[in-house]
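Structural characterization, general
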Amino acid sequence: MTKLQDALPRVSQRERLPISALIALFTAGFITTLTEALPAGVLPQMSHALGVSESVAGQTVTIYALATMLTAIPVSIATTSWPRRRLLVFALAGFLVANLVTAVSLDYAITMIARFIAGAASGVTWSLLGGYAQRITPDALKGRAMAFAFAGTPVALSLGVPVGAILGQRVGWQVTFGLMTVLTGVLIVWTLWKLPDVSGQQAGERLPLPHLLRIKGLRTILLVTGVYVLAHTILYTYIAPVLAGVGLGDQVQWILLDFGITSIVSIWLTGLFVDRHHRRLVILSTGFFAAAAVALALWSMNPIVDYLAAGVWGLAFGGAATLFQGALMAASREHADAAQPPQVTMWNGGIGLGGLIGGLLLAGLGSESLLIAVALLVVSTVVVVISARGHAFPGPGDRRL
């Protein structure tokens, strides 16, 4: 017990998490992730209502990620001087409109336009969450605040999507998007009430992208982020055919539940330890994912291995957003606001490429090739993280110059 207490950051009575404000950021992340992933849970009903095949309806997820990737940097540049709360409310209003249109539209083209708007709003939201959480929190708790803000993602994936799928089957997929619209409206009111405002940057203070990418360690962090998310997306998107290929197609929902539960545990553990053990946690995150991927590539025929690997994968992934964004902000320092949109672009580029590359591998080489590709990708991130001690992922005694 004493060792655990020593590992945790010491916090004075005055240094407390701004819980009410962080609830706003948590919920914004939850809505962002759930809006992106929800079509996957209601795809049959959605495709039937829109009069298209399931593969075509699935492009509502692709266009969302594409919009996020294309708009994160230019929108961030255009709104650099905006107060951060106003910008977040602007993004939430985009979600409200997009989900409302999706809820009432029976036209595929209109739905795709709405999904593009939602994806653009996502780019703005993801560019804000980490920096906002840090700027409203005492120094000793900044990592824990980021973990709180980013916890909305694993909660949305592990609980929100399955619940949305059940609601979609019982009351209709459009009602599900309608409930998302109502939740977004409530969040806008809560944000204006409970989230303190912070200033943006003057246009002249923002570092141009070419100069930004010269910051030591930044390109390494962006590379690791993109490759890690690419590997995760390939595995998460195509887990059903992978399991079906080894005769475990009826276990998909339970293995994903296993992944989701350990993801939530991961975000909690990350919040406890990230402020003092950031490098170790990054190594553990990439290392655990690599171990899970290699185990699946070698022994996926064994159900026990599949469940254990899914649990380890969840422990790896739950805190990943917090860890990578924390590394980015530490490296970019006063230029953190400008550095976050490129990371959002890399994250969503990994999502988009994961769906594309995974589909090509599955169609051309079969499900086993997916596991081999994931293992190779994530093992490479371990090598890079361990070697990037100087600037990208330094330890306590390796301070950046």
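Because the structure is predicted, anything quoted here is derived from the model rather than measured.

Our next topic: the overall build of the chain. Of regular secondary structure, the chain possesses 19 helices and 0 strands. For 401 residues, the compact-globule estimate of 2.2 N^0.38 gives 21 Å, and the chain sits close to it at 20 Å. Over its C-alpha atoms, taken along the principal directions, the chain stretches across nearly 55 × 45 × 45 Å. The buried share of the chain, taken over its 401 residues, is 54%. Sequence-distant contacts, at least 24 apart, represent 85% of the contacts inside the chain between residues at least 6 apart.

Moving on: the nonpolar core. Judged by nonpolar contacts, the single largest core of 107 residues is most densely connected at Leu25, Ile136, Leu235, Phe289, Phe324 and Phe393. Taken together, domain 1 (19-194) and domain 2 (209-388) each give at least three residues to this core, which thus spans both. Apart from the residues lying within four places of it in its own chain, the contact partners of Ile136 are Pro18, Ala21, Leu22, Leu25, Leu195, Pro196 and Val198.

The contact between helix H8 (residues 142-150) and helix H14 (residues 252-273) brings their axes to 7 Å, and the two run at 160 degrees. One element, H8, and the other, H14, form an angle in the roughly antiparallel class. Considering how the two elements wind past one another, H8 and H14 form a crossing that is left-handed. Here H8 contributes Arg144, Ala147 and Phe150 to the contact with H14, which in turn contributes Ile267, Thr270, Gly271 and Leu272.

Before going further, it helps to examine the confidence of the model for the chain. The pLDDT averaged across the chain works out to 83; a share of 90% of its residues lies at or above 70. Across the chain, element-level confidence peaks in helix H6 (residues 84-104) with a mean pLDDT of 95 and bottoms out in helix H1 (residues 2-7) with 47. Within the model, the stretch residues 1-9 combines pLDDT values under 50 with 13 contacts to residues more than four positions away or in other chains.

Across all of its chains, the model carries 3 cavities of 30 Å³ or more by this definition. Its boundaries defined by the atoms lining it, the second largest cavity holds a volume of some 60 Å³. Along its surface, the second largest cavity is lined by Phe150, Thr153, Pro154, Ile267, Phe317, Gly318, Ala321, Thr322 and Trp347. Elements represented by at least two residues in the lining of the second largest cavity include exactly helix H9 (152-171) and helix H17 (320-332). Of the residues assigned to the lining of the second largest cavity, the class counts are 6 nonpolar, 3 polar and no charged. Looking at the lining of the second largest cavity, you find at least three residues from each of domain 1 (19-194) and domain 2 (209-388).

Cut-off values and rules
Residues numbered from 1 in each chain as written. Predicted model: local features only at pLDDT ≥ 70, side-chain atom pairs only at ≥ 80, totals over all residues. Heavy atoms only, no water. Helix = DSSP H or I, 4+ residues; strand = E, 2+ residues; numbered from the N terminus. Rg over C-alpha atoms; globule rule 2.2 N^0.38 Å. Buried < 20%, exposed > 50% of the residue type's maximum accessible area, 1.4 Å probe, protein only. Contact = heavy atoms within 4.5 Å. Core = buried A, V, L, I, M, F, W, Y, C linked by side-chain atoms within 4.5 Å. Domains from an automatic or database assignment. Axes fitted to C-alpha atoms, helices over the stretch in contact; angles between N-to-C directions. Parallel < 35°, antiparallel > 145°, perpendicular 65-115°, else oblique. Left-handed = near helix turned anticlockwise from the far one by under 90°. pLDDT = per-residue confidence, 0-100. 1 Å grid on protein atoms, 1.4 Å probe; cavity = no way out; pocket = protein on both sides within 12 Å on 5 of 7 lines; lining within 4 Å. Points joined across faces, edges and corners; volume = space filled by probe spheres on them. Nonpolar A, V, L, I, M, F, W, Y, C, P; charged D, E, K, R; others polar.

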